[in-house]
Amino acid sequence: MTTILLDPTAARAGPARQRVAGHQSLEGLTVGLLDIRKRQGDVVLDHLERLLGERGIRVGRYAKPTFTKPAPSSVIDQVTAECDAVVEGLAD
Amino acid sequence: MSNEIPEDGLVLVVRENCPTCQLIAPVAADLEARGALTTIYSQDNPGFPEGLRVRDDPHLEVSFRLAITIVPTLIRFEDGAETARAIGWSRQEWGNVAALDDLGPGLPDERPGCGSLSEEPGWAEELLARHGEAGLGAETLTVEFPEDPFEIMDARGWSDGLPVVPPTPARVLAMLNECTLAHDHVLGSIPPAGAELTVEKAAINAVMAGCRPAYFPVVLAALDAALDPDFAWQGLLSTTMGAGVAVIVNGPVCRRIGLNSGFNVLGHGTRANATIGRALVLIAMNVGGARPGGVDRSTLGHPGKHGLCFAEDESDPAWQTLAASRGIDGGRSAVTVFGFCGTSIMNDETARTPEDLVASHVRSLEAISQMRSSRRGGGVLLVIAGEFWRIFRDSGWDRTRIEAALHDATAGPGGETPMFGPGDLLVTRAGSHAGLFSTIIQGWGSGPTGSQPVTREVEP
């Protein structure tokens, strides 16, 4: 007895993305701090901004409109264009 | 193979369980006696018509290949090509096909036939899957006995933990027959992974969830609603808070597919209720990749994450339906999706007036509000059952008045944030008509920065 089943999963994998090589040092780089609008995410990111600033590292601040939805492509594009590394404040 | 279709001559397809086939049995005998009839195929009994040389077509492959829709059907072949066909009994048409003008003396001139077994639900899809151009694009997996399809599917992670119905090509085709969209039509990108969902993949998962084909238009409408960016399905699927999708259905489709609005409406016991919401869960898992502990980060989850779908109680014309309150014309079927994090029963056996009920509801709503980190932001779907509704209705209260009273009573008179912003409180009616209850279905996050309810018409 043979049963033929149809595959319920996504037919196509998402596009493969190359992982960017990590940085040995942050000297001369710009670090983006991305607030997803989770409660108190700004507290952590403010602290990080101060610590990075003390080390003379350039910092850019960015924010998603709401943590409940994916970041708009405009935010992603801006972070990608302006930063060499990103710290995202994910949780409460 | 004995069932090869002849290249030349007359072919007759019959089944015993058809009065018209019984009627024309003497004509078949007459044609065979004259040497005019090449082959008779019987769909249900090779001993019919009695005494003739009949070929059996028990698996209906010949009937499918000959595209038989009605029996009896008489076909003439010449050099492998069909040149004439008569459907049912008509002395004139049979005479034309057989090139004989004296057939069936004593019979009525015409008699309609019966449906071919190959056209019956179940058979039609099975035959198309086996022998036809089914047009299915999904990868297939062949399971040979003694392997158990249920275990194979479970091992592959295709299940939500409960057994799933094997998505065979025939079952999927039956589901697809319920919509006019092309199999490869893309319904949208399913979060969290963002993979494209085709109509066919939706049908496969609906089969696995246990949906009957007639439920599929409701599944498609619910998907369309859930894919609206305002609904924030991605957030619901990945949140630590553990959110599910409630599907509330209005309109004639509810009765047509047997969707429960009464006893145990939010519980078990009705196939349509149990499987439509589950289809969305399986799609989110299998296509969107929302697996618990993976991208689904639910800390606790809740039983409603298995899926929740129910019909609104539309039995009282004094009640404006949820769909109507959201802009759907009366008489049309619609779904409304609501992201939720659990349910809470509200019981008040002392209330005798609408004002009493508003006061007791506010106490429960405040209690639920206390559990959240912000007073405002959850949204609520309030399900009012029979006896509570009777108290409201007997005092002339309708949907608008109930909603306004609950808004006002939770508005935060001490300068607090109001509990509900515009559109954050949905009220519906369901449940049996006995019992002083309502159920508060707790939202996940409301307003433009959360998940907003979305309503979509069900395509007829």
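On a predicted model such as this, the values are computed, not experimentally measured, just so you know.

Some points on the sheet that holds strand 2 (residues 37-42) of chain B
All names here are of chain B. Read from one edge to the other, the open sheet built from 5 strands follows the order 3-2-1-5-6, with strand pairing classed as mixed. Because the sheet does not close on itself, it has two edges, and the strands there are strand 3 (54-56) and strand 6 (81-87). The average undirected angle you get between the axes of adjacent strands in this sheet is 25 degrees. Examined bridge by bridge, strand 2 and strand 3 share 3 bridges and lie parallel to one another. Paired with serine 42 across the bridge in strand 3 is aspartate 56. Sheet contacts for helix 1 (residues 19-33): strand 1 (9-14) and strand 2; angle to strand 2, the most-contacted strand, approximately 150 degrees. In the packing of helix 3 (residues 91-98) onto the sheet, the strands contacted are strand 1, strand 5 (73-78) and strand 6, and the crossing angle to strand 6 comes to about 165 degrees.

Concerning the domain arrangement of chain B
Assigned domains within chain B: domain 1 (9-119) and domain 2 (149-452). If you average the C-alpha positions of domain 1 of chain B and of domain 2 of chain B, the two centres end up 53 Å apart.

Considerations on the environment of B:Gly113
Residues and elements named next belong to chain B. By the element assignment, glycine 113 lies in the loop between strand 8 (110-111) and strand 9 (114-115). With 93 residues separating them along the chain, glycine 113 and threonine 20 place their C-alpha atoms 5.5 Å apart. Aside from chain neighbours lying at most four places away, what touches glycine 113 is Cys18, Thr20, Ile70, Val71, Pro72, Ile87, Gly88 and Trp89.

Here's the deal with the interface of chain B and chain A
Counting residues at the interface gives 37 residues for chain B and 18 residues for chain A. Listed by contribution, the elements that provide at least two residues to the side of chain B that touches chain A are strand 10 (140-144), helix 5 (149-155), helix 6 (169-176), strand 12 (195-198), helix 7 (199-209), helix 9 (233-238) and helix 11 (271-286) of chain B. Here the element with the most residues in the side of chain B that touches chain A is strand 10 of chain B; it accounts for 5 residues. Along the lines of polarity and charge, the residues of the side of chain B that touches chain A split into 20 nonpolar, 13 polar and 4 charged. Pairing between strand 1 (residues 2-6) of chain A and strand 10 of chain B: 5 bridges, direction antiparallel.

Description of the sheet that holds strand 4 (residues 85-89) of chain A
All names here are of chain A. An order of 3-2-4 is seen for the 3 strands of this open sheet, with the pairing classed as parallel. The open sheet has two edge strands with one neighbour each: strand 3 (58-63) and strand 4. Sheet twist, expressed as the average angle between the axes of neighbouring strands with direction ignored, equals 20 degrees. Of the pairings in the sheet, the one linking strand 2 (residues 30-35) to strand 3 comprises 6 bridges and is parallel in character. Bridge pairing in strand 3 places aspartate 35 opposite alanine 63.

Here we look at the environment of B:Gly379
Residues and elements named next belong to chain B. For glycine 379, the position within the fold is in the loop between helix 13 (354-370) and strand 16 (380-384). C-beta crowding within 10 Å serves as the criterion here: with 27 such atoms nearby, glycine 379 is assigned to the buried category. Glycine 379 sits 88 residues away from arginine 291 along the chain, and the two C-alpha atoms are 25 Å apart. Not counting residues within four places of it along the chain, the set of residues in contact with glycine 379 comprises Asp424, Gly443 and Ser446.

Describing the packing of helix 4 (residues 123-131) of chain B against helix 6 of chain B
Residues and elements named next belong to chain B. The N-to-C vectors of helix 4 and helix 6 enclose an angle of 120 degrees; their axes lie 8 Å apart at closest approach. The pairing of helix 4 with helix 6 is recorded here as oblique in orientation. In terms of crossing hand, the pair formed by helix 4 and helix 6 is right-handed. Contact residues: Glu125, Glu126, Leu128 and Ala129 in helix 4; Pro169, Ala170, Leu173 and Ala174 in helix 6. Each residue belonging to the contact of helix 4 with helix 6 can be placed in one class, and the counts come to 6 nonpolar, no polar and 2 charged.

Thoughts on the nonpolar core
All names here are of chain B. With 106 residues, the main nonpolar core has Ala206, Val218, Val219, Ala222, Val247, Val335 and Val337 as its most contacted residues. Not counting residues within four places of it along the chain, the set of residues in contact with valine 218 comprises Val249, Val253, Ile257, Ile276, Val335 and Val458. In this structure, Val14, Leu37, Ala86 and Trp94 belong to the second largest nonpolar core, which totals 28 residues.

Observations regarding the packing of helix 7 of chain B against helix 11 of chain B
Residue and element names in this part refer to chain B. Running from N to C, helix 7 and helix 11 cross one another at 125 degrees; their axes reach a closest spacing of 8 Å. In terms of orientation, helix 7 lies oblique with respect to helix 11. Pair helix 7 / helix 11 crosses with right-handed handedness. In contact with Ala202, Asn205, Ala206, Met208 and Ala209 of helix 7, helix 11 contributes Thr275, Arg278, Ala279, Leu282, Ile283 and Asn286. Taken together, the residues that form the contact of helix 7 with helix 11 break down as 7 nonpolar, 3 polar and 1 charged.

Some words on the pairing of strand 12 of chain B
Residues and elements named next belong to chain B. The sheet contact formed by strand 11 (residues 186-190) and strand 12 spans 4 bridges and is antiparallel. Across the sheet, residue serine 189 finds its bridge partner in strand 12, namely glutamate 196. Between strand 11 and strand 12, which follow one another and run antiparallel, lie 4 residues, and glycine 194 among them has a positive phi close to 80 degrees.

A short note on the confidence of the model for chain B
When the pLDDT values of chain B are averaged, the result is 94; 97% of them are 70 or greater. Among the prediction metrics, the complex's ipTM stands at 0.87, with pTM recorded as 0.87.

Remarks on unusual backbone geometry
A cis amide bond, omega -10 degrees, links B:Phe48 with the succeeding residue B:Pro49. Following the sequence through the fold, B:Pro49 ends up in the loop between strand 2 and strand 3. The omega torsion of the bond from B:Val71 to B:Pro72 falls at -5 degrees, within 30 degrees of zero and hence cis. Structurally, B:Pro72 is set in the loop between strand 4 (70-71) and strand 5. Of note, A:Gln40 is a non-glycine position whose phi angle comes to about 70 degrees, a positive value. As for its placement among the helices and strands, A:Gln40 is situated in the loop between strand 2 and helix 1 (41-54). The exposure class of A:Gln40 is exposed, given the 10 C-beta atoms found within 10 Å. In this structure, B:Ala99 is a non-glycine residue whose phi angle is positive, near 60 degrees. With respect to the element layout, B:Ala99 can be found in the loop between helix 3 and strand 8.

So, how was this worked out
- Residues numbered from 1 in each chain as written.
- Chains lettered and ligands numbered in written order.
- Predicted model: local features only at pLDDT ≥ 70, side-chain atom pairs only at ≥ 80, totals over all residues.
- Pairing = 2+ DSSP bridges.
- Helix = DSSP H or I, 4+ residues; strand = E, 2+ residues; numbered from the N terminus.
- Axes fitted to C-alpha atoms, helices over the stretch in contact; angles between N-to-C directions.
- Contact = placed C-beta atoms within 7 Å.
- Domains from an automatic or database assignment.
- Nonpolar A, V, L, I, M, F, W, Y, C, P; charged D, E, K, R; others polar.
- Buried ≥ 20, exposed ≤ 12 C-beta atoms within 10 Å, placed from the backbone.
- Parallel < 35°, antiparallel > 145°, perpendicular 65-115°, else oblique.
- Left-handed = near helix turned anticlockwise from the far one by under 90°.
- Core = buried A, V, L, I, M, F, W, Y, C linked by C-beta atoms within 7 Å.
- pLDDT = per-residue confidence, 0-100.

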